[in-house]
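Survey of secondary and tertiary structure
Given next are the chains, with one letter for each unit.
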Amino acid sequence: SANYFRDSSLNRECTGFEVEIKDSLKTQFVTAAEVETLVKKHDLYPVGKSFKDINTLAIRDTIMANRLVESANVFITSKGSVMATVQQREPVLRVISENKGSFYIDKDRKIMPVASSFSVYVPVATGDIEEEFAKNELYDFAMFLNNNSDWDAWIEQIVVNDENDVELIPRAGNFRIIMGSLEDYPTKL
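Structure report, in brief. All values derive from a computational prediction rather than experimental measurement. (Residues numbered from 1 in each chain as written. Predicted model: local features only at pLDDT ≥ 70, side-chain atom pairs only at ≥ 80, totals over all residues. Heavy atoms only, no water.)

Re the packing of helix H2 (residues 32–41) against helix H3 (residues 56–64)
One can describe the packing of H2 onto H3 by two numbers: an axis separation of 10 Å at closest approach and a directional angle of 120 degrees. Considering their axes alone, H2 and H3 lie oblique with respect to each other. Between H2 and H3 lies a crossing whose hand is right-handed. Contacts between H2 and H3 involve Val35, Leu38 and Val39 on the former and, on the latter, Ile59, Thr62 and Ile63. Residue composition of the contact of H2 with H3, grouped by class: five nonpolar, one polar and no charged. (Axes fitted to C-alpha atoms, helices over the stretch in contact; angles between N-to-C directions. Helix = DSSP H or I, 4+ residues; strand = E, 2+ residues; numbered from the N terminus. Parallel < 35°, antiparallel > 145°, perpendicular 65-115°, else oblique. Left-handed = near helix turned anticlockwise from the far one by under 90°. Contact = heavy atoms within 4.5 Å. Nonpolar A, V, L, I, M, F, W, Y, C, P; charged D, E, K, R; others polar.)

In structure tokens:
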């Protein structure tokens, strides 16, 4: 019963720590092993501790400190282990900027760091790119490509010059498409 669990469970020892990475089939930026290492590094690893000494909120905050994580939940299971479910951030565009370095824009228009352990199949934008332009016009353009599989499959790279004019480099063929500004790109395409 619930009362039994409440009274006796505080002195019970935690028997396991499970990490579930959501949509890890599609992309795997964050591994269960990395989450476990992070929790251990902060002395929050729950296994062998009694439940009164386990702070699930602190474990959650530690996992959320990884900038590739979008959200996390940490809870105690009825079997007496601690479970963490982790949602990864989802990049839609990779930016390699001459002045701002390399980063992703995620589906929430936020800048996301590039980790060495993975690469994602998203359009790449190169050139003289400011973060604001990347988060707004380029994001919209990348989402348009994303939702039109013919264009998405065909366009490999978006080259941006210092006027924010755009050229497209296709995956095959030795030519470029000069778009000019991104205004009214559906019509131009």
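Once the structure has been displayed, the description carries forward.
Some details on the sheet that holds strand E4 (residues 91–97)
One open sheet holds the seven strands; their spatial order is E6-E5-E4-E7-E8-E9-E10, and the pairing between them is mixed. Of all the strands in the sheet, the pair left with one neighbour each is strand E6 (111–112) and strand E10 (177–180). Where E4 lies against strand E7 (residues 124–127), four bridges are found, and the strand directions are parallel. Pairing of serine 97 across the sheet is with glycine 127, part of E7. Here helix H4 (residues 131–147) sits on the sheet and contacts E4, strand E5 (101–106), E6, E7, strand E8 (155–160), strand E9 (166–170) and E10; the angle it forms with E4, its principal contact strand, is near 135 degrees. (Pairing = 2+ DSSP bridges.)

Remarks on the sheet that holds strand E3 (residues 82–88)
Sheets are built from strands paired through backbone hydrogen bonds, the pairs being either parallel or antiparallel. Reading across the sheet, the three strands line up as E1-E3-E2 and stay open at both edges, with mixed pairing between neighbours. The strands lining the two open edges of the sheet, one partner per strand, are strand E1 (17–21) and strand E2 (69–76). Adjacent strand axes in the sheet meet at a mean angle of 15 degrees, parallel and antiparallel pairs treated alike. One ladder, built from seven bridges, connects E2 with E3; its direction is antiparallel. The residue bridging serine 71 from the neighbouring strand is glutamine 87, located in E3. Relative to E1, H2 is tilted by about 135 degrees, and along the sheet it contacts E1 and E3.

Some remarks on unusual backbone geometry
You will see that arginine 109, though not glycine, has its phi angle at about 65 degrees, which is positive. Residue position: arginine 109 is located in the loop between E5 and E6. Of note in the backbone geometry, aspartate 184 takes a positive phi value of approximately 55 degrees without being a glycine. Inspection of the secondary structure assignment puts aspartate 184 in the loop between E10 and helix H6 (185–188).

Here we look at a negative patch on the surface
Taken together, Glu98, Asp162, Glu163 and Asp165 make up a surface patch of like negative charges. Here aspartate 165 falls in the partly exposed class, since its relative accessible area comes to 30%. (Patch = residues over 30% accessible without salt bridge, like charges linked within 9 Å, V, L, I, M, F, W, Y side chains within 5 Å. Areas by Shrake-Rupley, 256 points an atom, 1.4 Å probe, with all protein chains shown as cover. Salt bridge = Lys/Arg side-chain N within 4 Å of Asp/Glu carboxyl O. Lys, Arg positive; Asp, Glu negative; His and termini not counted. Charge placed at Lys NZ, Arg CZ, Asp CG, Glu CD. Buried < 20%, exposed > 50% of the residue type's maximum accessible area, 1.4 Å probe, protein only.)

So, the environment of aspartate 106
Locating aspartate 106 in the fold gives a position in strand E5. Aspartate 106 gets classed as buried once you look at its relative accessible area, which sits at 1%. Measuring from C-alpha to C-alpha, the distance between aspartate 106 and asparagine 73 comes to 21 Å, with 33 residues separating the pair along the chain. Among all residues touching aspartate 106, those that are not within four sequence positions of it are Arg89, Glu90, Pro91, Val92, Met112 and Tyr139. Engagement of the side chain of aspartate 106 in a polar contact is seen with the side chain of arginine 89, the distance being 2.8 Å. (Polar contact = N/O pair within 3.5 Å; in protein donor to acceptor, adjacent residues only side chain to side chain.)

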